[in-house]
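Residues per chain are reported as follows:
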Amino acid sequence: MAHGEFMTIGAYTIYLASTTVERLWPSLMAWYFPLAICAAFGIAFAAGWLCEWALIRHLYKRPLDTLLATWGLSLGMQQVFRSTFGPKEVSPTLPDWLMGSWAPAPGLDIPINGLFVMALTLGVTGLVWLALHRSRWGLRVRATTANRAMANAAGINTRRTDRVTFAIGCGIAGVAGAAFTTIGSTGPTSGALYIVDSFLVVTFGGAASLAGTVASAFGIAQTQSITEFFMTGSMARVLTLLIIVSILMIRPQGLFAPAVRR
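Predicted, not measured: the structure shown is a model, and the values here were computed from it. Counting restarts for each chain: residues are numbered from 1 in the order of the written sequence. Only residues with pLDDT of at least 70 get local features here, since the model is predicted, and only at 80 or more are side-chain atom pairs given and counted; chain-wide, interface and lining totals rely on the full set of residues. To obtain the side-chain values, all non-hydrogen atoms of the structure were included, while hydrogens and water were left out.

Considerations on the domain arrangement of the protein chain
- Under the domain assignment, the protein chain is made up of domain 1 (2-194) and domain 2 (206-256).
- The split of the chain into domains comes from an automatic or database domain assignment. Relative to domain 2, the C-alpha centre of domain 1 lies at a distance of 23 Å.

Pasting the structure below:
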């Protein structure tokens, strides 16, 4: 329930980097953004590591307590943001190469910031896939997910795997928050606006499937965008939720549930 706040950490990291570079090194304004995205990942990763060590690791076998505790953590982090940065929304100064639009054809303008977010999303998704399927860490994650007891018996430190995986997830949320600054302003509650959509995407696609998450995110976004063309935004969201709930009633494990040998 606090995952959106790690997204906010990434967004505020970009804002701090923007204001610092603009004040001290204005000649570097064109180049600070990629470095700030790396910093956003690192800071959100460290915050996720700390939260997992201090709180989450004690609640893995108590899912209801986990929801309540992370909801409280979310409210606490929002108050920290409010006390540190103020209640008003802020926006960083973006480099010039992120401004404007690309016109591949007459009458067709594609915002450059949207193309950047799409390219960043594809890049991060590809890196996650490679890490899960081409690294020892990914092998440990898949083994722990499939059978924790057997992974422990095989010598895998599942507690450390849990912590690193949780921290990497928080770091990726920080990258998402950094990308969000190119299309919107940031406030103390910005991350909370996306937590419900995130749960829908993961549940609908299948909690253990990266391909399911990608397909679910694309399908939900396109469904809502198309329906908003014919009706109001609220009705489009209700229709999207009804479709998702109906499909989950038929297939509760999600669209891309992993194969299980029984």
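Text resumes after the structure shown.
Looking at the nonpolar core
- To form a nonpolar core, buried Ala, Val, Leu, Ile, Met, Phe, Trp, Tyr and Cys residues must be joined to one another through side-chain atoms within 4.5 Å. Between buried and exposed lies partly exposed: a residue is buried under 20% and exposed over 50% of the maximum accessible area for its type, with that area taken using a 1.4 Å probe on protein chains only. Grouped together as the largest cluster of nonpolar side chains are 15 residues, with contacts concentrated most on I14, Y32, F33, I37, F116 and L120.
- Broken down by secondary-structure element, the contributors of at least two residues to this core are α1 (3-24), α2 (32-54), α4 (112-134) and α7 (158-180).
- By definition, any uninterrupted DSSP run of H or I lasting at least four residues is a helix, any uninterrupted run of E lasting at least two residues is a strand, and each is numbered from the N terminus. With five residues, the single largest contributor to this core is α2.
- Residues I9, Y12, L73 and C170 belong to the second largest nonpolar core, which totals twelve residues.

Here's the deal with the UniProt feature "transmembrane region" (unreviewed entry) in the protein chain
- The UniProt entry lists residues 31-51, 110-132, 164-185, 191-217 and 229-250 under the feature "transmembrane region" (unreviewed entry), expressed in the numbering used here.
- For the annotated span residues 31-51, helix accounts for 95% and strand for 0% of the residues, and the straight-line distance between the end C-alpha atoms is 31 Å. UniProt positions are given in the numbering used here, feature names are shortened, and annotations may be inferred rather than shown by experiment.

Some points on a nonpolar patch on the surface
- Note on patches: the residues involved have over 30% relative accessible area and no salt bridge, like charges join within 9 Å, and the nonpolar side chains Val, Leu, Ile, Met, Phe, Trp and Tyr join within 5 Å. Per-residue and other accessible areas follow the Shrake-Rupley method at a 1.4 Å probe size, with only the shown protein chains counted as cover for residues. Salt bridge, as applied in this entry: a Lys or Arg side-chain nitrogen positioned within 4 Å of an Asp or Glu carboxyl oxygen. A surface patch of nonpolar side chains, amounting to about 700 Å² of accessible area, comprises M1, L64, L67, L68, W71, L75 and F199.
- Considering every element that reaches the nonpolar patch, the biggest residue donor is helix α3 (residues 63-85), with five residues.
- Topologically, M1 is positioned in the segment before α1.

Examining the packing of aromatic side chains
- Note on ring pairs: Phe, Tyr and Trp rings are taken, using the six-membered ring of Trp, and paired if centres are within 6.5 Å. Classes follow the plane angle, with under 30 degrees stacked, over 60 edge-to-face and the rest tilted. One pass over the full model with this rule turns up nine aromatic pairs.
- Here the aromatic rings of F6 and F166 are separated by 6.4 Å at their centres, their planes lie at 90 degrees, and the arrangement is edge-to-face. On the criterion of sequence distance, the pair formed by F6 in helix α1 and F166 in helix α7 is long-range, its members being 160 residues apart.
- Classification of F166 by relative accessible area gives partly exposed; the value is 23%.

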